[in-house]
Amino acid sequence: MRKEPQFNLVDFNTRTNTVSQGSAVLQNWRIFISNLKLKGLIGIYPAEKIEPQTILINVSVTYRAAVPQDDAAAEQVVCYQNIVNSIEQLVLNRHIMFVENLAEEIAELCLVDGRVLEVTVRVEKPDAIKEAASVGVEITRKHPSESITLMS
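None of these values were measured; they are calculated from a predicted model. (Residues numbered from 1 in each chain as written. Predicted model: local features only at pLDDT ≥ 70, side-chain atom pairs only at ≥ 80, totals over all residues. Heavy atoms only, no water.)

Quick question: what am I supposed to make of the overall build of the protein here?
Secondary structure assignment for the protein yields 2 helices and 6 strands. The N-to-C order of helical and strand elements in the protein reads β-β-β-α-β-α-β-β. For the protein, with 152 residues in total, the buried portion stands at 34%. For the protein, restricting intrachain contacts to residue pairs at least 6 apart in sequence, the fraction spanning at least 24 positions comes to 60%. Taken as a whole, the protein presents about 10700 Å² of accessible surface, with 54% of it coming from carbon and sulfur. (Helix = DSSP H or I, 4+ residues; strand = E, 2+ residues; numbered from the N terminus. Buried < 20%, exposed > 50% of the residue type's maximum accessible area, 1.4 Å probe, protein only. Contact = heavy atoms within 4.5 Å. Areas by Shrake-Rupley, 256 points an atom, 1.4 Å probe, with all protein chains shown as cover.)

Structure below.
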């Protein structure tokens with residue numbers, strides 16, 4: 001007999017990630033882009049500078065904005081299509097030496113938006129090592145205003 005999955009209700013305390021700004025309550029939101037598949041020149045080996053290879057990109061962006069209410073609210077959310085378009089431009093018609101370089105560039109373009117608090121970027125080369133499903137790098141970067149400085 002098949003056992004049905006059990007789901008537990010989770011009580012999220014929204015007070016920890018909300019900020020009041022005038023009459024609007026700002027919430028933390030996370031958008032993601034999963035397995036964006038592009039072809040590009042990436043790597044240090046001679047063949048990687050000539051033959052485009054598959055690059056998988058995952059991006060998770062945490063940002064702060066009010067709850068969108070209507071069509072006019074489209075301007076207050078971070079648009080994942082704009083992020084995808086920008087990533088495509090980063091990869092298009094150029095050679096990138098390291099996956100680390102591409103990950104940093106993607107993080108930087110996301111953090112330009114002042115609403116963005118944090119971004120996690122994962123860049124993978126699924127065809128680089130035949131014995132592995134994929135290889136790559138993952139980084140997390142915070143907006144400078146979200147950084148904590150420890151005083152001694």
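Explain a nonpolar patch on the surface to me, please; I cannot follow it from the model alone.
On the surface, Ile44, Tyr45, Met97 and Phe98 cluster together to form a nonpolar patch covering roughly 400 Å² of accessible area. For Phe98, the location among the structural elements is in the loop between β4 (95-96) and α2 (99-111). Taking the relative accessible area as the measure of exposure, Phe98 reaches 39% and is therefore partly exposed. (Patch = residues over 30% accessible without salt bridge, like charges linked within 9 Å, V, L, I, M, F, W, Y side chains within 5 Å. Salt bridge = Lys/Arg side-chain N within 4 Å of Asp/Glu carboxyl O.)

Is there a simple way to think about helix α1 (residues 80-91) in this case?
Since one α-helical turn is 3.6 residues long, residues separated by three or four positions face the same way. Across its 12 residues, α1 extends 17 Å between first and last C-alpha, which sits within 8% of the 16 Å expected from 1.5 Å per residue. Turning to α1, its buried residues number three or more, namely Ile83, Val84, Ile87, Leu90 and Val91. Angular distribution of buried residues about the axis of α1 spans 120°; they occupy a single face of the element. Backbone geometry just after α1 places Asn93 at a positive phi near 55°. (Expected span 1.5 Å × (residues − 1). Arc of directions from axis to C-beta.)

Can you help me understand unusual backbone geometry in this one?
With a phi close to 50°, Asn35 is a non-glycine residue in the positive phi region. Position of Asn35 among the secondary structure elements: in strand β2 (residues 24-42). Phi is positive for Asn93, close to 55°, though the residue is something other than glycine. Secondary-structure assignment places Asn93 in the loop between α1 and β4.

Honestly, the packing of α1 against α2 in this entry has me stumped. Any pointers?
Working note: a packed helix pair is described by the angle between its axes plus the distance between those axes. Remark: α1 packs on α2, axes separated minimally by 10 Å, with the N-to-C direction vectors making an angle of 145°. Between α1 and α2 the crossing geometry is right-handed. Only Leu102, Glu105, Ile106, Leu109 and Cys110 of α2 make contact with α1, whose side of the interface consists of Ile83, Ser86, Ile87, Leu90 and Val91. Counted by class, the contact of α1 with α2 contains 8 nonpolar, 1 polar and 1 charged residues. (Axes fitted to C-alpha atoms, helices over the stretch in contact; angles between N-to-C directions. Left-handed = near helix turned anticlockwise from the far one by under 90°. Nonpolar A, V, L, I, M, F, W, Y, C, P; charged D, E, K, R; others polar.)

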